[in-house]
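Summary of structural features
One-letter residues, chain by chain:
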Amino acid sequence: MKKLLLSALLLLPCVASAQFDEASLAKVQVKSIPVAGNVHLLEGAGGNIGVSVGPDGILIVDDQFAPLVPKIRAALGKLTKGRDKTPEYVLNTHWHFDHTGGNASFGREGTIVAHKHVRTRLMNGLESSALGMKIPPAPKEALPVITYDQGLSLFFNGEEVQVTHLPSGHTDGDSLVYFTGSNVLHMGDLFSGDKFPFIDLESGGSMEGYLRNVERVLQTLPAGVKIIPGHGALAGRQELERFAAMLRDTMDLVREKIAAGRTLEQVKAEGLPEKYKSWGDGFIKPDQWLTIVYQSLSGQKPDAAKK
């Protein structure tokens, strides 16, 4: 079990510098940060968790890893002053298990809501050629029981919570969650702060789609909104604009090199401008980012992972 968990975790951009097997996850602290209105942020290991706390109970956006569920519950209990530790609703921004690992526990007591592709991909698992590993299908308890095509609204804790699906970007099942009264937007892994994002081409992701989605968000972003990224610190418009500029710049660079007949190995050897050096300090290194962009733009399938 521990070997399977560690292998699976390597898929996702939450494990930049640590080996999050069960022993390592036991050392992780889950802390709460107030965002605005009813909304708080839980940081631990894996995707950022958005939390709405109020008279209707608890709603969470994503739920990190299964071994962290007791610590997540404890953090929720502190937010409710011990009244409750169980979410009424769990909203999944996409299917990756650093965002859905707690589904099997929370799904026994609450209602899981996600885009229809999230349910399908959790049901089927993934044979990843890029990683040379198999992600097993999720148990029944971990599956969303309410799904949608374009989006839906929940009216919870005195505000409308708008859930909106965006076309293939990080995956083919990405959703935004906007807390209208609190003016807080959870973007899932369509935003990773000031680090290169992971784009899962084998789960319907697309570099061009990813950028289109980020630009669409910027076009409709409310004034003063606080943004919870899938990974990284709380942000706002300025940080998202900087992220979009990086996406445009690196995509244009790789597209020009493809048009000039450069191979992937040549593109990696030539590298990126110095100003993007710090963007590769996370899980996705510069070579990996160039590979993702090149493969997405050229239609090249991910290579089999080296053993």
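Below you will find a few notes about this structure. (Residues numbered from 1 in each chain as written. Predicted model: local features only at pLDDT ≥ 70, side-chain atom pairs only at ≥ 80, totals over all residues. Heavy atoms only, no water.)

**Thoughts on the overall build of the protein chain**
Test applied: Helix and strand assignments come from DSSP, with helices taken as H or I runs of at least 4 residues and strands as E runs of at least 2, each series counted from the N terminus. We take the radius of gyration over the C-alpha atoms and set the globule estimate at 2.2 Å times the residue count to the 0.38 power. Only protein chains enter the accessibility calculation, which uses a 1.4 Å probe; a residue is then buried when its area is under 20% of its type maximum, exposed when over 50%, and partly exposed in between. Contacts: residue pairs with any heavy atoms within 4.5 Å of one another. Areas reported as accessible are Shrake-Rupley estimates using a 1.4 Å probe. Residue values count occlusion only from the protein chains shown.
A tally of regular secondary structure across the protein chain gives 10 helices and 14 strands. In terms of C-alpha radius of gyration, the protein chain reaches 19 Å, essentially the compact-globule figure of 19 Å for 307 residues. If you line up the protein chain on its principal axes, its C-alpha atoms span 60 × 45 × 35 Å. The 307 residues of the protein chain split such that 52% are buried. Summarising the internal contacts of the protein chain: among those between residues at least 6 apart in sequence, 65% fall at separations of at least 24. Approximately 13400 Å² of the protein chain is accessible, and the part contributed by carbon and sulfur atoms is 51%.

**Quick word on unusual backbone geometry**
Positioned with a positive phi, Asp-62 is a non-glycine residue whose angle comes to about 70 degrees. For Asp-62, the location among the structural elements is in the loop between β4 (57-61) and α3 (69-79). Asp-62 gets classed as buried once you look at its relative accessible area, which sits at 0%. Notably, Asn-157 is not glycine yet its phi reads approximately 50 degrees, a positive angle. Considering the arrangement of structural elements, one finds Asn-157 in the loop between β10 (151-156) and β11 (159-165). Overall, the relative accessible area of 5% leaves Asn-157 in the buried class.

**Some thoughts on the packing of aromatic side chains**
Threshold: Any two of the Phe, Tyr and Trp rings considered here, Trp counted by its six-membered ring, make a pair once their centres fall within 6.5 Å; the pair's planes then place it as stacked at under 30 degrees, edge-to-face at over 60, or tilted in between.
Taken as a whole and judged by the stated rule, the model has seven aromatic pairs. Measuring from centroid to centroid gives 5.1 Å for Phe-191 and Phe-243, while their planes differ by 65 degrees, and the two rings are edge-to-face. One end of the pair, Phe-191, is in the loop between β13 (184-186) and α7 (207-220); the other, Phe-243, is in helix α8 (residues 237-259), with 52 residues separating them in the sequence. Phe-191 sits in the buried class, given a relative accessible area of 0%. Residue classification places Phe-243 among the buried positions, given a relative accessible area of 0%. Following the ring pairs from residue to residue traces out a cluster consisting of Phe-191, Phe-196, Tyr-210, Phe-243, Tyr-276, Trp-279 and Trp-289.

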